[in-house]
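Chains, contacts and geometry: an overview
Listed below, chain by chain, are the residues.
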Amino acid sequence: MKVIKNASQMQKIALKHIRDGDEIGLVPTMGALHEGHISLIAKSVKNDDITIVSIFINPVQFGPNEDYLKYPRPAKKDKEICKKNHVDYVFMPSVNDMLPADHKTFVEVKTLQDILCGSFRINHFRGVATVVAKLFNISCADRAYFGMKDFQQLRIIEKMGKDLNFKTKIIPCSIVRERNGLALSSRNSYLSAEGKKRSLNISKTLKEAVEDFKRKDLNFVRKTVVNKLKKIPGSEIDYTEIVNFDDLSPADKNTKKAVFAVAVWIGKIRLIDNIVMIKDKGR
Ligand code: AMP
């Protein structure tokens, strides 16, 4: 496994692999790798000749009062995890290399970037889309792996890929959860033992909504979730939305496959989670 710190060097290596007929898989991450990331890596290692894991804490996707500076950076451990999981290249560029002071070009995915998390984290998805577009070009990836944990991000990147004719195929990957249901996230390390206990109610509540959605109307499903989330001590809801699975448009009574997406503060920690919900046949 090689660690590459420079974008043009990474691109040169990737182009050589393409010339040699290799297919390249990219797993974009911000590091602090956990089993969720490892599940994406495993898919790439299985599908692709070459697996590149990028580790880049992207400053332009963080708001001014967000956790950019305190985001965990366990670089040594991350490299060990990549090596153990048969990654070929870890791409760890500097901020200056990816976003030099004279960087002027940004990618926006209109409408999709402004809903759900986008209405609370202004410019977040513009920052994500810009850096992912750069990573696609640098890595020359045939396939890129994204977790459904960040469901809105997944749909935004798919739309960007289609609209801008990227050759990179987007592969969605299921959410990896702890046995107790908590969706794995690098930010879980911020949670105290008590905070973690409280946050388990988020996934539990969503799981119960899946059953309700099969038979009950949307208002009931949503209200039940809101009431349960409000009861978590120290919780504050950013949003609780039921959207269509394919395009994140608001769900209505005809929606057969939906995603229930939530963002909830537990104390000072903001957690996102979502679950896919499918109507009973005949309803
Ligand atoms: P991050 O490092 O948080 O930016 O995440 C990098 C990639 O890993 C994104 O595509 C995430 O959706 C994905 N990911 C993060 N947590 C999970 C999880 N628990 N299960 C599956 N994928 C995940």
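Nothing here was measured: the structure is a model prediction, and the numbers come from that model. (Residues numbered from 1 in each chain as written. Predicted model: local features only at pLDDT ≥ 70, side-chain atom pairs only at ≥ 80, totals over all residues. Heavy atoms only, no water.)

Broken down by element type, the chain carries 8 helices and 9 strands. For the chain, the C-alpha radius of gyration of 19 Å lies close to 19 Å, the compact-globule estimate for 283 residues. Each principal axis of the C-alpha atoms in the chain carries an extent, and together these give about 55 × 40 × 35 Å. A total of 283 residues make up the chain; the buried ones form 53% of that total. Residue pairs at least 24 apart in sequence account for 72% of intrachain contacts in the chain once pairs closer than 6 positions are excluded. Only carbon and sulfur atoms are counted for the fraction: they give 52% of the accessible area of the chain, which is about 14,500 Å². Once the 50 positive and 33 negative side-chain charges of the chain are each reduced to a mean point, those two points are 3 Å apart. (Helix = DSSP H or I, 4+ residues; strand = E, 2+ residues; numbered from the N terminus. Rg over C-alpha atoms; globule rule 2.2 N^0.38 Å. Buried < 20%, exposed > 50% of the residue type's maximum accessible area, 1.4 Å probe, protein only. Contact = heavy atoms within 4.5 Å. Areas by Shrake-Rupley, 256 points an atom, 1.4 Å probe, with all protein chains shown as cover. Lys, Arg positive; Asp, Glu negative; His and termini not counted. Charge placed at Lys NZ, Arg CZ, Asp CG, Glu CD.)

Its domain assignment divides the chain into domain 1 (2–173) and domain 2 (186–276). Each side of the interface is counted separately: domain 1 has 21 residues, and domain 2 has 17 residues. Summed over both sides, the interface of domain 1 with domain 2 buries roughly 1,700 Å², with 60% coming from carbon and sulfur. Taken together, the connections running from domain 1 to domain 2 amount to 1 salt bridge. Put simply, R187 and D67 hold a salt bridge, and the shortest N to O gap is 2.8 Å. At the surface where domain 1 touches domain 2, the tally comes to 8 residue pairs in polar contact (both at pLDDT 80 or more). Per-class residue counts for the side of domain 1 that touches domain 2 are 11 nonpolar, 4 polar and 6 charged. (Domains from an automatic or database assignment. Buried area = accessible area lost by both parts, 1.4 Å probe. Salt bridge = Lys/Arg side-chain N within 4 Å of Asp/Glu carboxyl O. Polar contact = N/O pair within 3.5 Å; in protein donor to acceptor, adjacent residues only side chain to side chain. Nonpolar A, V, L, I, M, F, W, Y, C, P; charged D, E, K, R; others polar.)

This part is about the pairing of strand β9 (residues 269–278). A large share of β9 lies buried, amounting to 7 of its 10 residues. Where strand β8 (residues 257–266) lies against β9, 10 bridges are found, and the strand directions are antiparallel. Bridge pairing in β9 links F260 to I275. Here β8 folds back onto β9 in antiparallel fashion, the turn holding 2 residues, of which G267 has a positive phi close to 65°. (Pairing = 2+ DSSP bridges.)

To continue, consider the sheet that holds strand β7 (residues 235–244). Strand order in the open sheet formed by 3 strands is β7-β8-β9, and the pairing between neighbours is antiparallel. Single-partner strands in this sheet number two, and they are β7 and β9. When the angles between neighbouring strand axes are averaged without regard to direction, this sheet yields 15°. Contacts from helix α8 (residues 218–230) reach β7, β8 and β9, with the element oriented near 160° to β7. (Axes fitted to C-alpha atoms, helices over the stretch in contact; angles between N-to-C directions.)

Near the ligand lie 16 residues; those nearest to it are H37, G147, D150, V176 and L184. D150 places a side-chain nitrogen or oxygen 2.6 Å from an oxygen atom of the ligand. Contact with the protein chains removes 93% of the 480 Å² of surface that the ligand exposes when unbound. Of all the elements in the fold, those that place two or more residues in the shell around the ligand are β2 (24–29), α2 (35–47) and β5 (143–147). If you tally residues by element for the shell around the ligand, the top one is α2, at 3 residues. (Near = heavy atom within 4 Å.)

Our focus in this paragraph is the sheet that holds β2. One open sheet accounts for 6 strands, arranged β1-β4-β3-β2-β5-β6; its pairing is parallel. Lying at the two open borders of the sheet, with one neighbouring strand each, are β1 (2–4) and β6 (169–173). Put simply, the sheet's adjacent strands are angled 25° from each other on average, direction ignored. Bridge analysis of β2 against strand β3 (residues 50–55) gives 6 bridges, and the strand direction is parallel. Note that in β3 the partner of V27 across the bridge is V53. Contacts between helix α5 (residues 124–139) and the sheet are confined to β2, β3, β4 (89–91), β5 and β6, with β2 contributing the most and set at about 150° to the helix.

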